[in-house]
Amino acid sequence: MDSIDIVGIGNALVDQEFEVTDQFLQQHKIEKGMMTLIEDIEQERLIAELAKRGELKKQSGGGSAANSLVGFSQFGGKAFYCCKVADDQAGQFYCDDMEEIGITTNTGSKKHEGKTGRCLVMVTPDAERTMRTYLGITADLSIAELDEDAIARAEYLYIEGYLVTSPVAREAIARAKEVARANGTKIAMTCSDPAMVKYFREGIDEIMAGGVDVLFCNQEEARILTGTDDVQAALQHLQRHAKLVAITLGKDGALVGDGTRQVAVPGIPVKAVDTNGAGDMFAGAMMFGLTRKYSLAACGLLASHAAAAVVASFGPRLSLDQQQQLLIKLQHEPEFN
């Protein structure tokens, strides 16, 4: 049977990205920089308003974990994604998109009645991304969507923080963790968004219960989790729950520690166009480095460069060629030798 580096479990959302102004967000009473769940009818109204103001910039298969797996796969990793889509045009688009990249999914013929989820990504001139998400059928992701054989064979299980909004998804996470621990599969998780930590803290704590091997969060998520603005103190606190912690610091890079070593990952100067997907790419690139046994410094450097490249363009992805060229370029850096 083919080996699997990483199995992700997360939302399956078709991402649609638009450029907007701060005034547009204020006019529609949209909290900037956050992901907010909305109903289908509200999303349709918002799409109509966005369509009046500009064209759709990009559309792709997304979701936080899916974005990370795309980055991971295009560096050369083998990924499997447990998700849920409907038997509709968006669901078929999503499956085709994942397959084209080389990510195997559990979907096969298991598409369901309903509507595939969609995420509207609104990017302001300062490159900040604000999201309005209708989960659709992915809100019902459950134990039935798990491929336990794939989890048992993988080196890592990667869990998306956005799933904590759903009780049935939390049950699926608990089962996935159980299978992983029984088979020696390491567990990684991402907080995904400050709103998840702020409003669904109990669910985040559930995922972290018993400890995880790798934890990704940004500075705001770390602050909410630990109650401190001191990044060093936050890192030490979070290492009680995770063997390896990566706290991203935006343009200032990241702080990464595994209990014995600590690496201040430098930020890569770029002209920011769109921050959507930067954290997801950081996680995907770092996970690739971990599966290839790179040093902690090399993992961080690859992740920082990849995230910076995403910020410098629209959308949460890079092309396959961009990622491969980045990997070739960094092989000559001292951290990789």
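Anything mentioned here points back to the structure above.
Report on the accompanying structure. Given the structure is predicted, the values throughout are model-derived calculations rather than measurements.

A separate point is the sheet that holds strand β8 (residues 129-134). Taken together, five strands build an open sheet; the order of strands is β3-β8-β7-β2-β4 and the sheet is mixed. Each having just a single partner strand, β3 (35-37) and β4 (58-62) make up the two edges of the open sheet. On average, adjacent strands in this sheet sit at an angle of 20° to one another, irrespective of strand direction. Where strand β2 (residues 13-19) lies against β4, five bridges are found, and the strand directions are antiparallel. Bridging across to β4, glutamate 17 finds its partner in lysine 58. In the packing of helix α2 (residues 40-53) onto the sheet, contacts are made with β2, β7 (117-123) and β8, and the angle to β7 comes to roughly 40°.

Counting 54 residues, the largest nonpolar core has Val7, Ile9 and Ile247 as its most contacted members. Looking at this core element by element, the count peaks at six residues for helix α6 (residues 167-182). Not counting the four nearest positions on each side in its chain, valine 7 is found in contact with Phe80, Cys82, Ala150, Ile151, Ala154, Tyr156, Leu157 and Tyr158. Of all hydrophobic cores here, the second largest spans 51 residues; its members include Ala66, Cys95, Met286 and Leu318.

An ideal rise of 1.5 Å per residue puts 20 Å on 14 residues; helix α11 (residues 278-291) measures up with 20 Å between its terminal C-alpha atoms. Lysine 293 sits one or two residues past α11 and shows a positive phi near 60°.

Turning our attention to the pattern of salt bridges. For the structure on display, the rule yields 22 salt bridges. The salt bridge involving lysine 57 is made with glutamate 19; its shortest N-O contact spans 3.4 Å. Taken together, the positions of lysine 57 in the loop between α2 and β4 and glutamate 19 in strand β2 put the pair 38 residues apart, joining distant regions of the chain. In this structure lysine 57 comes out as partly exposed when scored by relative accessible area, which is 35%. Overall, glutamate 19 belongs to the partly exposed group, its relative accessible area being 46%. Between aspartate 126 and lysine 32 there is a salt bridge, and its shortest N-O distance comes to 2.6 Å. Within this pair, whereas aspartate 126 is found in the loop between β7 and β8, its partner lysine 32 is found in the loop between α1 (22-27) and β3, the two being separated by 94 residues in sequence.

Two quantities define a packed helix pair, namely the angle between the axes and the distance from one axis to the other. Across the interface, α11 lies against helix α12 (residues 296-311) with an axial gap of 8 Å and an inter-helix angle of 150°. Between α11 and α12, the interaxial angle falls into the category roughly antiparallel. The element α11 and its partner α12 pack so that their crossing is right-handed. Contacts between α11 and α12 pair Ala278, Met281, Phe282, Ala285, Met286, Phe288, Gly289 and Leu290 from the former with Cys299, Gly300, Leu302, Ala303, Ser304, Ala306, Ala307, Val310 and Val311 from the latter. Partitioned by chemical class, the residues of the contact of α11 with α12 number 14 nonpolar, three polar and no charged.

We now examine the sheet that holds strand β5 (residues 79-82). Judged by pairing direction, the sheet is mixed, and its nine strands sit side by side in the order β6-β5-β1-β9-β10-β11-β12-β13-β14 without closing on themselves. Each having just a single partner strand, β6 (104-105) and β14 (262-265) make up the two edges of the open sheet. Here two bridges tie β5 to β6, and the two strands are oriented parallel to one another. In the strand pairing of β6, tyrosine 81 is matched with threonine 105. Most of the contacts of α6 go to strand β9 (residues 154-160), to which it runs at about 160°, and overall it touches β1 (4-9), β9 and β10 (186-190). Sitting on the sheet, α12 is in contact with β12 (242-248), β13 (254-257) and β14, with an inclination near 25° to β14.

To continue, consider the packing of aromatic side chains. The relative placement of two aromatic rings is captured by the distance of their centres and the angle of their planes. Overall, the coordinates contain five aromatic pairs when judged by the stated rule. With 6.0 Å between their ring centres and 75° between their planes, phenylalanine 72 and phenylalanine 288 make a pair best called edge-to-face. Placement of the pair is phenylalanine 72 in helix α3 (residues 64-75) and phenylalanine 288 in helix α11, with a sequence separation of 216 residues. Judged on exposure class, the residue phenylalanine 72 and its partner phenylalanine 288 are both buried. Between the NZ or CZ atom of lysine 57 and the centre of the ring of phenylalanine 314, over which it lies, the distance is 5.0 Å. In this structure, lysine 186 is placed above the aromatic ring of tyrosine 156, and the distance from its NZ or CZ to the ring centre is 4.9 Å.

What counts as what
Residues take numbers from 1 onward in each chain, read along the sequence in its written order. Local features in this predicted model are restricted to residues whose pLDDT is 70 or higher, and side-chain atom pairs enter the listing and the counts only when it is 80 or higher, whereas totals over whole chains, interfaces and linings include all residues. Derived side-chain values reflect all non-hydrogen atoms in the structure, with water molecules and hydrogen atoms excluded from consideration. A pair of strands is labelled paired if DSSP reports no fewer than 2 bridges between them. In DSSP terms, a helix is any run of H or I states spanning at least four residues, a strand is any run of E spanning at least two, and both are numbered starting from the N terminus. Only the contacting stretch of a helix is used when fitting its axis, a line to C-alpha atoms as for every element, and angles between N-to-C directions run 0 to 180 degrees. We call two residues in contact when some of their heavy atoms are within 4.5 Å. In plain words, nonpolar cores are sets of buried Ala, Val, Leu, Ile, Met, Phe, Trp, Tyr and Cys residues tied together by side-chain atoms within 4.5 Å. When accessible area is computed with a 1.4 Å probe and restricted to protein chains, residues below 20% of their type maximum are described as buried, those above 50% as exposed, and intermediate ones as partly exposed. Given the number of residues in a helix, its expected span is that number minus one, multiplied by 1.5 Å. We define a salt bridge as a contact between a side-chain nitrogen of Lys or Arg and a carboxyl oxygen of Asp or Glu at a distance within 4 Å. An angle counts as roughly parallel when it lies under 35 degrees, as roughly antiparallel when it exceeds 145, as roughly perpendicular when it falls between 65 and 115, and as oblique in every other case. Definitions for this section: a left-handed crossing has its near helix turned counterclockwise from the far helix by less than a right angle. A right-handed crossing has that turn clockwise. Gly counts as polar in this scheme, as do all residues outside two lists: the nonpolar Ala, Val, Leu, Ile, Met, Phe, Trp, Tyr, Cys and Pro, and the charged Asp, Glu, Lys and Arg. Pairing of aromatic rings covers Phe, Tyr and Trp, the last through its six-membered ring, and needs centres within 6.5 Å; plane angles under 30 degrees mean stacked, over 60 mean edge-to-face, and all others mean tilted. Ring-over charges, as used throughout, are those where CZ of Arg or NZ of Lys falls within 6 Å of the ring centre and within 35 degrees of the ring normal.

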